[in-house]
Amino acid sequence: MSFQTPITIASALERIHRREYVLPAIQREFVWSRDKITRLFDSLMRGYPIGSFLMWQVQEGNAGRFTFYDFMRDYHERDNAHCAPTGPLGSRPVTAILDGQQRLTALNIGLYGSFTAKLPRLWANNPLAYPKKFLYVDLLHRGQDDDLGVEYDFRFLTPEEAAAGTGSGDAHWYRVQDVREVRTVRDAVRTLQHRGIVDNDTAGDVLSRLQEVVHVVPTVNFFLEEAQELDKVLNIFIRVNSGGAVLSYSDLLLSVATAQWGERDARETIHRLVDELNAVGQGFAFSKDLILKTGLVLLGKGDIRFKVDNFDRETMTNLEKHWSDIEGALRLGVALLADFGFSGVTLTANSVLIPLAYYLHRRNLGDNYRTSEAFRDDRAAIRRWLQRSLMKSGVWGSGLDRLLTGLRTTLEREGGQGWPTEVIEREMARQGKSLRFEPAEIDDLLDLKYGSKRLFPMLAMLYPGVDTRDHFHEDHIFPRSLLRSRAKLRKAGVPEDALPLIEDRADRAANLQLLRGGENTSKQASLPADWLRKHFLSDAERESWLREFDAIGLPEDVTGFLEFYDVRRERMRERLVTLLDVHTRTDQEPAADALGAGQTVPDDEPDPGNEGL
């Protein structure tokens, strides 16, 4: 490995576009935010060092042995978040970036491309939700911003936003990629004159400095590794990147899989699977972390932690060999979760997919499992277990790797003929993850508020008559818009001292129900008694609905809300106590921290929760 002569940013980006610089398959995706990109440009303008780069010289004739990717240029959060493969590069030599991808990509986006992210509070299918933005710098601003810690004002703006800001006279937004044509100080002067900026020292300084940073200063300092052995290069990559905050162990695992798989492109295969799983039903939020962890569990790997020592060639070879079976179990597992009504909004912990996928894989079950009458009781048992484990706090938090290992062992031993609820719960209790509910927990569940992910499994357990395979909503029985408006409540004749109680109970479980999407649309802000009369044509149908949803005694108007709420909450409590066997369960469960004799379990890495494993 040798240190090379530094080059300019312009030269580095030109080599990227000539595909002299490429990304090896072991590299992760681009993950920088817009703020990180603007701060990088500010650092460059201020003369701060941005670190050295590590590159791998792939010799002539060797490039065809490996998979390479292009650098991201026009990033789109929804439509273009993954780097595209370069395709065949022929026999010519190329230089692969081992360390510095995020910085070079940020420069490429700023000087050649765009950054498109979803605007908050807009639906993803709204065409206005994803405005295409380019990097601009304000030529009239230079000075320390103590709040942001920057000196130059770089921002991602639409052309319309930039024009509006420039027209106000308070700023003059210059599109950064235009500096590619400003190669000399004379070019900078002509640019300012063309824009009508004369005798403005700040604008001259900013544009001249930007031209100098891009075209003159040899900023890109790099080391070059010339070894052609993939194992050595992979080792270097892991050593260099494993200390970074952005690169997770799952990134490393994906890197190794990509480098060692022979028939498939692991990176493309796994990213595509994640995208397709997340599009099932009403949508999920699974990550590649969970997919890769599932692979380790289904392969029977003893230690399923994400650590470099576990990423051996044998494991990666087996992962590719059994990938079709692993992918099939994941697809079936996610389809079942969607059938049960779960989604990214209602799934408390993504990790429940792993033991479910293992069970489906263990029994070699196919898609007919979802609908076949022969499996009806088995599906019901899984659904009840999922609901209870997701209603219970703390089950899928710390100690996750140990729990998954224990569940795998139990399912391997006892899950050959059907879902073994009793022995699974015994194993969970042994690990301090008991699904036994105490009376106080029932009251906590009934006090859950609208928006809690634990609310859906409870409502689905209480009222199984709702077809969760259809589009449905968690809906307020008495409309929230009425209960949260003191003016409307006073107008309806509600006493003043009742207003705080109604506001508090408006979003709690006893005022919530599950409704199919069409029913919810028709109900909207109607009073429940009015909606019932319009929705059900006969008294018998209305009475049946009232009994099914514990709503007997539903009042005609909001003045009876508090009494209705208390009565319904008590009925829900009685039903939940029965369903969860709160009073009648007398089995003696083992101590929470007890381990079987002679059993050893690896320490768990911290679990970051539902965003990844």
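Residues numbered from 1 in each chain as written. Predicted model: local features only at pLDDT ≥ 70, side-chain atom pairs only at ≥ 80, totals over all residues. Heavy atoms only, no water.

Visitor: I keep staring at the overall build of the chain and nothing clicks. Help me out?
Guide: Counting its regular elements, the chain contains 25 helices and 13 strands. Classification of the 613 residues of the chain by burial places 53% in the buried group. Put simply, of all contacts in the chain between residues at least 6 apart along the chain, 75% involve residues at least 24 apart. (Helix = DSSP H or I, 4+ residues; strand = E, 2+ residues; numbered from the N terminus. Buried < 20%, exposed > 50% of the residue type's maximum accessible area, 1.4 Å probe, protein only. Contact = heavy atoms within 4.5 Å.)

Visitor: Honestly, the nonpolar core in this entry has me stumped. Any pointers?
Guide: As a rule of thumb, soluble globular proteins bury nonpolar side chains together. In terms of nonpolar packing, the biggest core is built from 108 residues, with F286, I291, L337, F342, W396, M458 and L576 touching the most fellow members. With nine residues, helix α12 (residues 323-339) is the single largest residue contributor to this core. Formed by 55 residues, the second largest nonpolar core is a distinct cluster that contains I9, F41, L135 and L207. (Core = buried A, V, L, I, M, F, W, Y, C linked by side-chain atoms within 4.5 Å.)

Visitor: Help me out: how do you make sense of the pattern of salt bridges in this one?
Guide: Two side chains with opposite charge may pair up if their charged atoms get near one another. Using the criterion set out here, one finds 42 salt bridges in the structure. K392 is the partner of E441 in a salt bridge, and the nearest nitrogen-oxygen pair spans 2.8 Å. Taken as a pair, E441 in helix α17 (residues 439-446) and K392 in the loop between α14 (376-391) and α15 (400-414) lie far apart in primary sequence, 49 residues in all. With its nearest N and O atoms 2.9 Å apart, the salt bridge here joins R505 to D566. Taken together, the residues span a long stretch of sequence, with R505 in helix α21 (residues 499-505) and D566 in helix α25 (residues 561-579) at a distance of 61 residues. (Salt bridge = Lys/Arg side-chain N within 4 Å of Asp/Glu carboxyl O.)

Visitor: Before we go on, may I ask you to explain the side chain of T95 in this structure?
Guide: Within the secondary structure, T95 is located in strand β6 (residues 94-99). In this structure T95 comes out as buried when scored by relative accessible area, which is 9%. A polar contact is formed between the side chain of T95 and the side chain of Q57, at a distance of 3.4 Å. Aside from chain neighbours lying at most four places away, what touches T95 is E20, Y21, V22, M55, W56, Q57 and L224. (Polar contact = N/O pair within 3.5 Å; in protein donor to acceptor, adjacent residues only side chain to side chain.)

Visitor: I tried to follow helix α5 (residues 185-194) on my own but got confused; where do I start?
Guide: The α-helix winds at 3.6 residues per turn, so residues separated by three or four positions along the chain end up facing the same way. D187, A188, T191 and L192 are the residues of α5 that are buried. One face of α5 carries all of its buried residues, which in axial projection span an arc of 135°. Exposed and facing more than 90 degrees away from the buried side of α5 are R186, Q193 and H194. Along its buried surface, α5 packs onto β10 (173-175) and α6 (201-215). (Arc of directions from axis to C-beta.)

Visitor: Is there a simple way to explain the environment of V189 in this structure?
Guide: The residue V189 is located in helix α5 in this model. Each C-alpha atom of the pair V189 and S208 lies 8.4 Å from the other, and the pair is 19 residues apart in sequence.

Visitor: For this particular structure, what's the right way to read the environment of R384?
Guide: Along the polypeptide, R384 turns up in helix α14. By relative accessible area, R384 is classed as partly exposed at 47%. Distance from R384 to P457, taken between C-alpha atoms, is 9.0 Å for residues 73 residues apart in sequence.

Visitor: Even after reading the chapter, I still don't get unusual backbone geometry, so can you show me in this structure?
Guide: Peptide bonds are mostly trans, and most non-glycine residues show a negative phi. Notably, R19 is not glycine yet its phi reads approximately 60°, a positive angle. Along the chain, the position of R19 falls in the loop between α1 (9-17) and β2 (21-24). R19 gets classed as partly exposed once you look at its relative accessible area, which sits at 29%. Even without glycine at this site, D581 takes up a positive phi of about 55°. By the element assignment, D581 lies in the segment after α25. The exposure class of D581 is partly exposed, given its relative accessible area of 30%.

Visitor: What is the right way to read the pairing of strand β8 (residues 132-138) from this model?
Guide: Strand residues, when the strand is regular, have side chains that alternate between the two faces of the sheet. When you tally the buried positions in β8, you get six out of seven residues, the bulk of the element. Pairing geometry for strand β7 (residues 114-116) and β8, over two bridges, is antiparallel. Directly across from F115, in β8, lies its bridge partner K133. One ladder, built from four bridges, connects β8 with strand β9 (residues 154-157); its direction is antiparallel. Bridged to Y136 within β9 is R155. Bridge count between β8 and β10: three bridges; the pairing is antiparallel. (Pairing = 2+ DSSP bridges.)

Visitor: What am I meant to see in the packing of helix α9 (residues 266-278) against helix α10 (residues 288-298) here?
Guide: Two measures define how a pair of helices packs: the angle their axes make with one another and the distance between the axes. At a minimum axis distance of 9 Å, the contact between α9 and α10 shows a crossing angle of 110°. By the angle between their directions, the pair α9 and α10 is classed as roughly perpendicular. When the axes of α9 and α10 are compared, the crossing they make is right-handed. In this structure, α9 contributes I270, H271, L273, V274 and L277 to the contact, and α10 contributes K288, I291 and L292. (Axes fitted to C-alpha atoms, helices over the stretch in contact; angles between N-to-C directions. Parallel < 35°, antiparallel > 145°, perpendicular 65-115°, else oblique. Left-handed = near helix turned anticlockwise from the far one by under 90°.)

Visitor: I'm lost on the side chain of R408 in this one. Help?
Guide: Examined against the element boundaries, R408 turns out to sit in helix α15. Summary of buried charges: R408 has no salt-bridge partner, and the nearest side chain of opposite charge, E412, is 7.7 Å away. Once you skip the residues sitting within four places of it in the chain, R408 turns out to touch L296, V297, G300, K301, G302, I304 and Y358. (Lys, Arg positive; Asp, Glu negative; His and termini not counted.)

Visitor: Any chance you could explain the packing of α10 against α12 here in plain terms?
Guide: Running from N to C, α10 and α12 cross one another at 115°; their axes reach a closest spacing of 10 Å. For the crossing formed where α10 meets α12, the hand is right-handed. Listed contacts from α12 to I291, T294, G295 and L298 of α10 are W323, I326, A329 and L330. For the contact of α10 with α12, a count of residues per class yields six nonpolar, two polar and no charged. (Nonpolar A, V, L, I, M, F, W, Y, C, P; charged D, E, K, R; others polar.)

All quantities given are derived from atomic positions and should not be read as evidence of function.
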